[in-house]
Amino acid sequence: MTKTNLSKDLIAWLIEAGVDEIHQDTPQNYYTLIEETLTLPKCAPAASLLAAKPVLRTTREIEESAQISAKESKTLEELQSALAAYEGCALKKTATNMVFGDGNPKAKIMLVGEAPGADEDRLGKPFVGLSGQLLDKMFSFIGLSRAANLYISNVIPWRPPGNRQPTPQETAQCLPFIQRHIELVKPDLLIMVGATAAKALSGSNEGIMRLRGKFRPYESPGLTSPIQSTAIFHPAYLLRSPGQKRETWADLLNIKRALNA
Ligand code: URA
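Residues numbered from 1 in each chain as written. Predicted model: local features only at pLDDT ≥ 70, side-chain atom pairs only at ≥ 80, totals over all residues. Heavy atoms only, no water.

- Looking at an unreviewed UniProt entry, the protein chain carries the name Type-4 uracil-DNA glycosylase, with the source organism given as Candidatus Bealeia paramacronuclearis.
- Listed in UniProt under the heading Sequence similarities (unreviewed entry), the comment for the protein chain reads: "Belongs to the uracil-DNA glycosylase (UDG) superfamily. Type 4 (UDGa) family."
- Regarding the protein chain, the UniProt comment filed under Catalytic activity (unreviewed entry) reads as follows: "Hydrolyzes single-stranded DNA or mismatched double-stranded DNA and polynucleotides, releasing free uracil." (UniProt positions renumbered as here; feature names shortened; annotations may be inferred.)

Here it is in structure tokens:
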């Protein structure tokens, strides 16, 4: 085959493949360009172009980056900054504020809920809406308050749009941060508030009906010894189903007993 024939055949083949315009002499991988564009902030100054982070592509990469960044945090302040810099969960893009924690970080009791709602998103604090008011009331019955002896956070730090339940992927993307959060607070008692938190933190497939009212050890790699943990119904559920308040009252009395033991 002559050079001219080769070129003709090549051009014919390219036209057949849909290539009908020539832009430059050498080929360019536009997929690489797309990735670079996604990585870089628009109009970024030279220094930030060089410091740009790689794009996280797979679920595994995202979860690993969360684990590394959470594990590297040695204080709550560092963890809060690491979470604020984390780009692995899309909920961050639609939320107004990140909701990290509230109450006494030196408390012996830590409560962990599901995710912020509209009020929490607006104010940047966990459990400040209607269900938060009920939660405060419930714990005041057994002499506990966030001002003195409770610390509160959520599995997910950003509000899911429309208060929908977080997906299992979103939960997995944020889980290393709340696990580290618990390790750093190191409470004597961890209380999982509602089904989502109980499922995510206990790793159990049992529902909240079975998990509530029971005390089990909570373990994670950064803890030198297991923590006592239990689960209670979510106050939003109690607002919808006031008939379940009787069980919750029993759970609160058990918690009080466990603390005094
Ligand atoms: N529900 C939660 O689980 N967490 C909050 O912070 C508010 C409502």
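Still more ground to cover, so stick around.
Topic: the pattern of salt bridges
Thinking step 1. Taken as a whole, this structure holds 10 salt bridges when the rule is applied.
Thinking step 2. With a shortest N-O distance of 3.2 Å, Lys92 and Glu87 are connected by a salt bridge.
Thinking step 3. The salt bridge involving Asp251 is made with Arg212; its shortest N-O contact spans 2.8 Å. Taken together, the residues span a long stretch of sequence, with Asp251 in helix H13 (residues 245-260) and Arg212 in the loop between helix H11 (208-211) and strand S5 (216-218) at a distance of 39 residues. Each member of the pair, Asp251 as well as Arg212, is classed as buried.
Thinking step 4. Several salt bridges share partner residues, and in doing so they unite Asp102, Lys125, Asp136 and Arg146 into one network. (Salt bridge = Lys/Arg side-chain N within 4 Å of Asp/Glu carboxyl O. Helix = DSSP H or I, 4+ residues; strand = E, 2+ residues; numbered from the N terminus. Buried < 20%, exposed > 50% of the residue type's maximum accessible area, 1.4 Å probe, protein only.)

Digging into the environment of Gly129
Thinking step 1. Within the secondary structure layout, Gly129 lies in the loop between helix H7 (118-123) and helix H8 (130-140).
Thinking step 2. Looking at Gly129, the relative accessible area reads 5%, which means it is buried.
Thinking step 3. Each C-alpha atom, one on Gly129 and one on Ala236, is 9.9 Å from the other, the two residues being 107 residues apart in sequence.
Thinking step 4. Residues within four places of Gly129 in sequence aside, it is in contact with Asp119 and Glu120. (Contact = heavy atoms within 4.5 Å.)

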